There are 2 protein chains.
Amino acid sequence: MRRVAERALASAREGNQVVVVVSAMSGETNRLLALAHEMAAMPDARELDVIASTGEQVSSALVAIAIQQLGGAAESLLGHQVRIQTDGAYTKARIKAIDASRIEQAFAAGKIAVLAGFQGVDEHGNITTLGRGGSDTTAVAVAAAIGADVCEIYTDVDGVYTTDPNMCPSARKIGKISYDEMLELASLGAKVLQLRSVEIAKKYGVRVHVRTSFPKQIGNVDVYEEGTWVVGESSELEEIVVSGVAYDRGDARVLVVGATDAATTLPLLFQRIAEKNVSVDIIVKSPSVQDARSDITFTLPKTDLARIRGDIEAWAKELGASDVRYDADIAKISVVGLGMRSHAGVAARMFGILAKEGIAIDAVSTSEIKVSCIVAAKYTELAVRALHDGFGLHVRGSVAPPAPTA
Amino acid sequence: MRRVAERALASAREGNQVVVVVSAMSGETNRLLALAHEMAAMPDARELDVIASTGEQVSSALVAIAIQQLGGAAESLLGHQVRIQTDGAYTKARIKAIDASRIEQAFAAGKIAVLAGFQGVDEHGNITTLGRGGSDTTAVAVAAAIGADVCEIYTDVDGVYTTDPNMCPSARKIGKISYDEMLELASLGAKVLQLRSVEIAKKYGVRVHVRTSFPKQIGNVDVYEEGTWVVGESSELEEIVVSGVAYDRGDARVLVVGATDAATTLPLLFQRIAEKNVSVDIIVKSPSVQDARSDITFTLPKTDLARIRGDIEAWAKELGASDVRYDADIAKISVVGLGMRSHAGVAARMFGILAKEGIAIDAVSTSEIKVSCIVAAKYTELAVRALHDGFGLHVRGSVAPPAPTA
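Residues numbered from 1 in each chain as written. Chains lettered and ligands numbered in written order. Predicted model: local features only at pLDDT ≥ 70, side-chain atom pairs only at ≥ 80, totals over all residues.

Turning our eyes to something else, we now look at the relation of the copies chain A and chain B. Mapping chain A onto chain B calls for a screw motion: a turn of 180° about the axis and a shift of 0.0 Å along it, with 0.2 Å RMSD after fitting. Look at the turn and shift together and you get a two-fold axis relating the two. For chain A, the minimum C-alpha distance to the rotation axis belongs to A:Thr54 and amounts to 2.7 Å. Same-surface contact between copies: 100% of interface residues of chain A are shared with the interface of chain B. (Least-squares fit on C-alpha atoms with pLDDT ≥ 70 in both. Contact = placed C-beta atoms within 7 Å.)

Shown next, in the form of structure tokens:
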């Protein structure tokens, strides 16, 4: 916290108007949620947010005190004071509006505003929180609201990597990346930036700089190295086909066997899942032509599956399905890059690299700048390393590595 | 907390509309303040309140969850949600107004309102706290705002005693006591009820029931014994002369020697002390007739003395004083009772009892229903015991004990 205070004050003394957005102290959110879970196995979401938001509240006041202690002027601001207006979805609320006037008041008084991240209020003044990593989203949203020059995200890693360095030793730090690529690098990004924060950054063109909160000591001076800039598409970006390889072992796969193959089947099923506030990722529908029945495969977060498994089975029965099968032992491996738009054959090359390693592909999903494959979870590390080096990410600025021989 | 939840729910199921006002978990406020003091020796008062108020915030949500867990309906409410409006005196704010409508909304929805005590907001929405014991004040003020039948204060003692039972084994629990007596029994009351809460109770005629939060198990049933009722003056009250003996070792005495004896001297000195937000208790001015100089004695909380000692010396110099002396080793012993109004000689009897024990009296202050003496701190226990039994408080309902022989 003292380091945050020093850093904010140094920036203010360079003539900048500074908002610091703080998250809770390490372990604090978990400690608070554990208190609630001691009281009830399924504590009320509204009350969970009341409890969890205190972590950031304490941090904001402590950082304000730390800045004052260094001779600076600062004041803490909470979600209900700045009026971080959200919807009413407790524990995963979305910011709808921010009133910048309270922050501008602090600026006018020559103060650094130290804003409690992660929290907001709904239209009735109930406290809401934005989900894990929500302080990133607060920071980017505030940066947008006040038209900040830059939103610096200080974190425990030094930037965004071409893939997880713990899994692939040849992973490299990316200097600049586009909003869209960052969005697609979800499973890498989730460790560094909350997805929603990237969406807001893209929407409002906020320049985000993800960097380490641990400075290097050079002589007596703390030096903060550059991390990764997340920016709009422009000539700033290196012209590379694939910029990263991501993986996600948080999903499970559901197979609904032999559902009635009617036009209403898919809308009905996925409307109901959406009503349970569950995000489905990959959806594959395979018609079984002979008897107007089809199999439906989809993936969803394991935690959500536990919650709505009973519902899924009831809905499947309604749809005339003969069986529902589950597989939680899967991984989603994705390659991401703006260059895919202009370079054909990325999917084919990906399948080839995986095939060469003997990795079977269960399901595929593609977007304009991403190809994802579902594979057995045990192949995660092998698939990530093979794709990372197979697409030449271990070499700085490599554009088009030779296609592997399948 | 589960016991609080059970108790509230039992009352709601009897058909009552219930507001629970919670304080922080044991030790939590100290833990939070320690965090702030780690950051700075004299942390900013505004930020202290932001930090300290989280203790009650967490408690309110946990108790709401506990009630829900027992099958009841409940929701937490915070100072800024109910709009507990206070002045801007951080760490010791005073409640100015309460908007009962948010609580009535909870009632209308069939819910128990679980209100975070101790906290409020000033007119700008800054978070304030009401000082130690402030949750009592929140409770009484809310009871007044909603016109509650009773305000039950559950605490770790089972009522208000004729004096401190730890100091005087013959101390008895008082069944009913008037607001005024309770106010004068400050040092006893402070352990049970925040003074300000009694002032508000008196002003709005709130019936306060101070009782233990630890029930007796009778068979399988939790039985909460009656404690002490703090009520308006009426025939309900026993007709006794003295209802309690109080002591306070929290003050220090200041002697300003040889100040100019002008009409402006006292107003000037005590106006300045008041501006520092310090409550002075006993004031004695002894004119030294020969040279138009006077000595001024007053008492104030030790903690405040440490803070404004330098100021006092500067002011004393301005007033022409030759010296300032301090004594922190003092105690204020008080006897309190409505009966004093009609029974003459209570002060004289008090002096006699103390004289008989060889205890010198340094200074005296009286009100309509109280006599206080300043004595050396080492005599505290002896003075309390002698006065307690000397005024017959060890005997239930005693009216006029025989006057002691001096």
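Residue and element names in this part refer to chain A. Taken N-terminus to C-terminus, the directions of helix 1 (residues 2-13) and helix 3 (residues 45-69) make an angle of 60°; their axes are 9 Å apart at the nearest point. In terms of their interaxial angle, helix 1 and helix 3 are classed as oblique. For the pair helix 1 and helix 3, the sense of crossing is right-handed. Facing Arg2, Val4, Ala5, Ala8 and Leu9 of helix 1, the residues of helix 3 in contact are Val63, Ala66 and Ile67. (Axes fitted to C-alpha atoms, helices over the stretch in contact; angles between N-to-C directions. Helix = DSSP H or I, 4+ residues; strand = E, 2+ residues; numbered from the N terminus. Parallel < 35°, antiparallel > 145°, perpendicular 65-115°, else oblique. Left-handed = near helix turned anticlockwise from the far one by under 90°.)

Next up on the list: the sheet that holds strand 10 (residues 208-212) of chain A. Within a sheet, adjacent strands bond to each other through the backbone by hydrogen bonds, running parallel or antiparallel. Residue and element names in this part refer to chain A. Ordered by their spatial adjacency, 4 strands build an open sheet running 8-10-13-9, and the pairing between neighbours is mixed. Strand pairing shows two members of the sheet lacking a second neighbour, strand 8 (151-155) and strand 9 (176-178), which therefore form its edges. For this sheet the average axis-to-axis angle between neighbouring strands, irrespective of direction, equals 25°. In this sheet, strand 13 (residues 228-231) lies alongside strand 10 in antiparallel orientation, the contact comprising 3 bridges. Bridging from a neighbouring strand, valine 210 pairs with threonine 228 of strand 13. (Pairing = 2+ DSSP bridges.)

Positioned with a positive phi, A:Phe118 is a non-glycine residue whose angle comes to about 75°. When you line up the elements, A:Phe118 lands in the loop between strand 5 (112-116) and strand 6 (119-121). We note that B:Arg83 has phi near 70°; this positive angle belongs to a residue other than glycine. On the secondary structure map, B:Arg83 appears in the loop between helix 4 (79-82) and strand 3 (84-86).

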